[in-house]
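Working through the structure, step by step
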2 protein chains.
Amino acid sequence: MEGISKESLQRLPTYLRYLNELHLNGIESVSSTTIADRFKLNPVTVRKDLAFISEDGGKPKTGFSVADLVAEISEFLGYNNTQDAVLVGVGKLGSALLGYKGFSNYGLNIVASFDCKTDIQIDSTKREINNISMLPDLVKRLGVNIGIITVPAESAQAVCDLMINSGIKAIWNFSPTHLITPDNIAIKNEDMAASLAVLSQRLTAILKNE
Amino acid sequence: MEGISKESLQRLPTYLRYLNELHLNGIESVSSTTIADRFKLNPVTVRKDLAFISEDGGKPKTGFSVADLVAEISEFLGYNNTQDAVLVGVGKLGSALLGYKGFSNYGLNIVASFDCKTDIQIDSTKREINNISMLPDLVKRLGVNIGIITVPAESAQAVCDLMINSGIKAIWNFSPTHLITPDNIAIKNEDMAASLAVLSQRLTAILKNE
DNA sequence: ATAATATCGATAACAAAGTATCGATATGTC
DNA sequence: GACATATCGATACTTTGTTATCGATATTAT
């Protein structure tokens, strides 16, 4: 069987949130049509997505078992075995990510944070901030695979290189740069400018039509 | 001519950043191959992207004029005529976005911020935070088109509805929910869970190969 | 001048993702 | 029990995006 498509993969967490809601409300089954309506998708798209991760599939007339889907998507996305991560750059955005409780639901656990200035105070969570020089040792010692970069653009590539040299295998980059990485490293550039470009183009189209 | 593809559109800001660098370094022309190498793309992809926005196109042997491309991409992305936006939810993430200087480069100007608790203090920037009840009037008065949502998931849909009723036409949603919006509203859900799903799937693939 | 080469744009082939169609099958109604 | 219906999965088709190919053209070197 082929791997799941990138697009499908990105829809799964969305489905899961919705299915969890249904589950909480005691709803036991759901059809692809219902899910599709919720997210303005084509029912066939939803069925194909679910076909990848669902063991038993859906039943005619009734649809899919909500409980089964919740279990299967969670498992598929790896939400059951948590991955450790380190974060570098405890500015505003970094603090925001550190303070975000939701990551635990997504199987992500930020075990340590780093900065070059170590005198920063995180008000609420009061986690310790380590000096960046401590990163390689800690990453090696704990076998951390994921690095989150929330430093300014100027220092992002240097941090990235340091992470890779320390054994990090996946990098989630929130700085406004496209990092250069070897092929055996997973990288996700979270590009605000790209998102904004899509949004404002749609806005322009809408304004033109009115 | 057809509109630009979503994928191309998202690559343009990346190109622009790179081209600005080249420009600063006094480099006057660049080939599609060079750009492609920088971002691990196919040169043909780059040429097609640039064909959409470039008036004169590139010259054989030398490539494209850096200065021309910078001007044309900036113009195409609307970076020259700034759009006003309002932000609702001045928690950590909201403050981070409010404090981010880079948006001005992307033609985005956050003119006001709102929260239900109005006693929050933003340390550095010291902008005023308005009560959410002031939003409709301000949006109508200034004719603001863009709304940024950085509230918790529970209140996101309510904020969204309020924005739309006030005349907002484009919504940039950072809360972990997929908002329901009518078709004449531009919406961009910034879904961390989806990004993370892509990253960790690639990580898994890499770990498997080693 | 001539030749070699890097690059372009255009066209065509290919790949990936989304959508439509259709027969099969549970469920509920008459 | 027969019939209508919502839904499924499979297959085929369409659209969108990427990659390969190729002739044309500036630039540089001989």
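All values reported here derive from a predicted model rather than from experimental measurement. (Residues numbered from 1 in each chain as written. Chains lettered and ligands numbered in written order. Predicted model: local features only at pLDDT ≥ 70, side-chain atom pairs only at ≥ 80, totals over all residues. Heavy atoms only, no water.)

The subject of this paragraph is the protein's contact with DNA strand C. Residues in contact with DNA strand C amount to 23 residues; listed here are only the nearest, K48 and P60 of chain A together with S32, G58 and F64 of chain B. Among all atoms of DNA strand C positioned within 4 Å of the protein, those belonging to sugar or phosphate total 69%. N42 of chain A places a side-chain nitrogen or oxygen 3.4 Å from a phosphate oxygen of DNA strand C. For the surface near DNA strand C, the per-class residue count stands at four nonpolar, nine polar and 10 charged. (Near = heavy atom within 4 Å. Polar contact = N/O pair within 3.5 Å; in protein donor to acceptor, adjacent residues only side chain to side chain. Nonpolar A, V, L, I, M, F, W, Y, C, P; charged D, E, K, R; others polar.)

Glancing now at the interface of chain B and chain A. Interfaces are frequently sized by the accessible area removed from exposure as the parts join. Each side of the interface is counted separately: chain B has 59 residues, and chain A has 59 residues. When chain B packs against chain A, the two sides together hide about 5400 Å² of surface, and 66% of this comes from carbon and sulfur. The partner of R17 of chain B in a salt bridge is D191 of chain A, with the nearest N and O atoms 2.6 Å apart. For the pair chain B and chain A, the number of links is 14 residue pairs in polar contact (both at pLDDT 80 or more). Mapped by element, the contributors of at least two residues to the side of chain B that touches chain A are α1 (6–24), α2 (32–39), α5 (92–99), β7 (170–173), β8 (186–189) and α8 (192–208) of chain B. The element that contributes the greatest number of residues to the side of chain B that touches chain A is α8 of chain B, accounting for 13 residues. Of the residues that constitute the side of chain B that touches chain A, the class distribution is 33 nonpolar, 14 polar and 12 charged. (Contact = heavy atoms within 4.5 Å. Buried area = accessible area lost by both parts, 1.4 Å probe. Salt bridge = Lys/Arg side-chain N within 4 Å of Asp/Glu carboxyl O. Helix = DSSP H or I, 4+ residues; strand = E, 2+ residues; numbered from the N terminus.)

Among the 23 residues in the neighbourhood of DNA strand D, the closest are listed as S32, G58 and F64 of chain A together with S5 and P60 of chain B. For DNA strand D, the fraction of atoms within 4 Å of the protein that belong to sugar or phosphate moieties is 68%. S32 of chain A is positioned such that a nitrogen or oxygen atom in its side chain is 2.4 Å from a phosphate oxygen of DNA strand D. Between G58 of chain A and DNA strand D, the recorded distance is 2.9 Å, taken from a backbone N or O atom to a phosphate oxygen. Going through the elements one at a time, α3 (43–53) of chain A together with α1 and α3 (43–53) of chain B are the ones with two or more residues in the surface near DNA strand D.

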